Structure formats: structure tokens, C-alpha cells
Amino acid sequence: MRKLYAVPLGLVGTGAATLAYASMIERNWFHLRRFEVPVLAPGARSIKILHISDTHLTPGRARLLSWLRKLDELEPDLVVNTGDSVSHPDAVGPFLDALGPLLDRPGVFVYGSNDLYSPVFKNPTRYLWRTSKKDYAVRRRVPDLPYREMGAALMAAGWLDLNNRIGRLKVGPLDVEFGGIDDSHINRDRYDKIAGPVDPQADLRIGVTHSPEPRNLDRFAADGYELLLAGHTHGGQICVPFYGALTTNCGIEPARVKGLHRHGPSWLHVSAGLGTSPMAPFRFCCPPEASLLTLVPRPS
Ligand SMILES: [Fe+2]
């Protein structure tokens, strides 16, 4: 009788321990990833970009807030936020407060779907056979989170709103042209509004999007954006040890679910993000992250 129950009890115990680890330890085990990107003209001075994404902030995430507050110590020349910053109406204030001195640095941002719509419970395993894009088609259509207030505060600090917009910033010694789109996951992307060749007089051209949807990445690359920055995938969020992500929740393939890759002639960096949906508050083999990209000259 004891043998009969040993296997199921062992499985239940292992599952409970894994869930506890994923929700209490790994979800708060923040990492800073560093990449060198050879994208500048020969002889140019290198610059540092801090890429944050998918913080999905909700009240009570003290460890996340405290880790965010320390990122200014990296002294980035530019901060890029690729969206899904908040998942609760009361999270905008704490999010801005945690950015703190980062707001005094040059910055750009786009929205993700979760900046607009508060989370609802969904079966997290459904990502294995479909993306969550269809969920937004059948749900409420009126945004219920204060994303406009958050955007206004970021713009008041001098950050560029790149939701279907282009813009220009001085980043260190470089004159940088930006193009960005709103979230394709909820059909708010309007690439046609920013379409066209980039300015060859700029020192660097950066494309920004929440979701790394290949059809948009193709257009950024064709227009001449040399560096593309995206989030959204959460790196797969639940990954298989020694294998990796099973899903990206968008059109990009799992091999580029996070990290630095090529997309045609451009470089693409996808952030695995710092948070999780509050309805699926766990990460496994995919710790939360921000990235520091050091842009250096191309080999001559
Ligand atoms: Fe997200």
C-alpha cells in the first residue's frame, strides 16, 4: 500500500516544490544581462543602453521596485522601455518612482497591451498552442488602465513617446533617430505612419516595438533601422531545462525568444522582461532580466 502511494505523492511533492521555487525564488531573482553590439560607425565612442521591459508592476512587489531603483548606478546614456510596465491601476506612481533618476536620462518608450488592459485569468498552458492575441479581440475594447497618465509623466520627463511615431534624441555624443510602433498584439501597430527610409545623416537609427513581430521587424530593417529593441515574450517564462522556450506568444521563433540576434542586416535585442502577469506569477529556467547594451563600432 505504501508503494502504491509513493509515486503520486512524490510527483505532487516535486510539483509543489517547483511551483514554490518558480513563484517565490526565480520570479524575484533579477538578472542584468550585458551585450556588446557592433553597430556604430568606425571610430565612434561607445554608448550604453539600458533596456527594460515587461515589469508588469502590481502593488507589493517591493523586491522588483528596489532592484529597478538601482539600475541608475549603471549610468546608461539611454533608457528604452518596451512596454507592459504596469498591470494594476495603482502601479503607475510606484513605477515612475522606481525609475527615479533614470527619468533624468534620455529615454524612449512604447506601450504593451498590459499597459492598457488590466489582467484577467487565463489558462497559462494555452500559450503552447496559440498566442494571447485572440483574447483581446473578444474582451473589453476600452482600455481600463491609466496608460495615458503614465505616458504623459514619461514625456514630461523628456522621454520620447514612440507609439507609431518617430523622434530624435542626442544620446551621449550621438545624434540618434528613433522609430517606434504601438503594440501589434492588440492591432494598434501602424507602421505606415512611420514608414520610409531613415535619415542617413543620423549617427544611429533605432527601431522600438513591444512585440517582436517579424512582419514589423522586416519593415524596420528594410527602412534602415540598425538596432531593433523589443520585449513581450517574457523569454518563454516557463522554459524546459537544457532545451529552452516552448513558446514566444507572437510570430518570432523560439530560438530568438530573448537575447541578441540578427534580423536581416539589423541587430535585434529581445528582452525577457522583469515581471510576469499577476495571473501567472512564476518563472522557471527564465529569470527576470534587464539588459545593458554597450554599442561599439563595427569592425572596419
Ligand atoms: Fe508582458
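The structure displayed is predicted, hence computed values, not measured ones. (Residues numbered from 1 in each chain as written. Predicted model: local features only at pLDDT ≥ 70, side-chain atom pairs only at ≥ 80, totals over all residues. Heavy atoms only, no water.)

**Q** Kindly report on the overall build of the protein, identifying the contributing residues and their values.
**A** A count of helical and extended segments in the protein gives seven helices and 14 strands. Relative to the 2.2 N^0.38 estimate, which gives 19 Å for 300 residues, the radius of gyration of the protein is 19 Å and therefore close to what a compact globule would have. Along the three orthogonal principal directions, the C-alpha set of the protein runs to about 80 × 45 × 35 Å. Residues counted as buried form 54% of the 300 residues belonging to the protein. Across the protein, contacts joining residues at least 24 apart in sequence account for 75% of those joining residues at least 6 apart. By element, 59% of the accessible surface of the protein is carried by carbon and sulfur atoms, the whole surface being about 13,300 Å². When the 35 basic and 30 acidic side-chain charges of the protein are each reduced to a single mean position, those positions are 7 Å apart. (Helix = DSSP H or I, 4+ residues; strand = E, 2+ residues; numbered from the N terminus. Rg over C-alpha atoms; globule rule 2.2 N^0.38 Å. Buried < 20%, exposed > 50% of the residue type's maximum accessible area, 1.4 Å probe, protein only. Contact = heavy atoms within 4.5 Å. Areas by Shrake-Rupley, 256 points an atom, 1.4 Å probe, with all protein chains shown as cover. Lys, Arg positive; Asp, Glu negative; His and termini not counted. Charge placed at Lys NZ, Arg CZ, Asp CG, Glu CD.)

**Q** Tell me about the coordination of the iron ion, and name the residues and values.
**A** For the iron ion, the protein coordination sphere consists of Asp54 (OD), His56 (NE2), Asp84 (OD) and His234 (NE2), at 2.1 to 2.2 Å. For the iron ion, the donor residues sit on a single chain with the sequence spacing D-x1-H-x27-D-x149-H. In this pair, aspartate 84 sits in the loop between strand E3 (78–81) and helix H3 (92–99) while histidine 234 sits in the loop between strand E9 (227–230) and strand E10 (239–240), placing the two residues 150 residues apart along the sequence. Residues aspartate 84 and histidine 234 agree in their burial class; the two are buried. (Donors = N, O, S within 2.8 Å, 3.2 Å for Na, K, Ca; no water.)

**Q** Outline the packing of aromatic side chains, listing residues and values.
**A** Applying the stated rule across the entire model yields six aromatic pairs. Aromatic ring contacts, followed pair by pair, group Phe109, Tyr111 and Tyr147 into a single cluster. Arginine 262 extends its terminal NZ or CZ atom over the ring of tryptophan 267, reaching a point 4.1 Å from the ring centre. (Phe/Tyr/Trp six-rings, centres within 6.5 Å; stacked < 30°, edge-to-face > 60°. Lys NZ or Arg CZ within 6 Å of the ring centre and 35° of its normal.)

**Q** Describe H3, listing the residues and the values that go with them.
**A** Within H3, burial applies to Val92, Phe95, Leu96, Ala98 and Leu99. Here the buried residues of H3 occupy an arc of 160 degrees about the axis, which is enough to place them on one side. On its buried face, H3 sits against strand E2 (47–52), helix H2 (62–69), E3 and helix H6 (147–156). After H3 finishes, the residue glycine 100 shows a positive phi value of roughly 45 degrees. (Arc of directions from axis to C-beta.)

**Q** Hey, could you go over the nonpolar core for me, with residue numbers and the actual values?
**A** Among the nonpolar cores identified, the biggest contains 32 residues, and Leu50, Leu71, Leu99, Leu154 and Leu274 are the most heavily contacted of them. Of all the secondary structure elements, the ones that give two or more residues to this core are E2, H2, H3, H6 and strand E14 (289–297). Looking at this core element by element, the count peaks at five residues for H3. Core analysis: the next-biggest nonpolar cluster, separate from the first, contains 26 residues, Ile47, Leu174, Leu227 and Leu229 among them. (Core = buried A, V, L, I, M, F, W, Y, C linked by side-chain atoms within 4.5 Å.)

**Q** Before we move on, could you go through the sheet that holds E9 and cite the residues and values that matter?
**A** The six strands lie next to each other as E6-E7-E8-E9-E13-E12, forming an open sheet whose pairing is mixed. Looking at the sheet topology across the chains shown, the edges are occupied by strand E6 (165–171) and strand E12 (259–263). Each strand of the sheet is rotated relative to its neighbour by a mean of 25 degrees, with strand direction disregarded. Against the sheet, helix H7 (residues 214–223) engages strand E7 (174–180), strand E8 (204–208), E9, E12 and strand E13 (266–270), with an angle of about 65 degrees to E12. (Pairing = 2+ DSSP bridges. Axes fitted to C-alpha atoms, helices over the stretch in contact; angles between N-to-C directions.)

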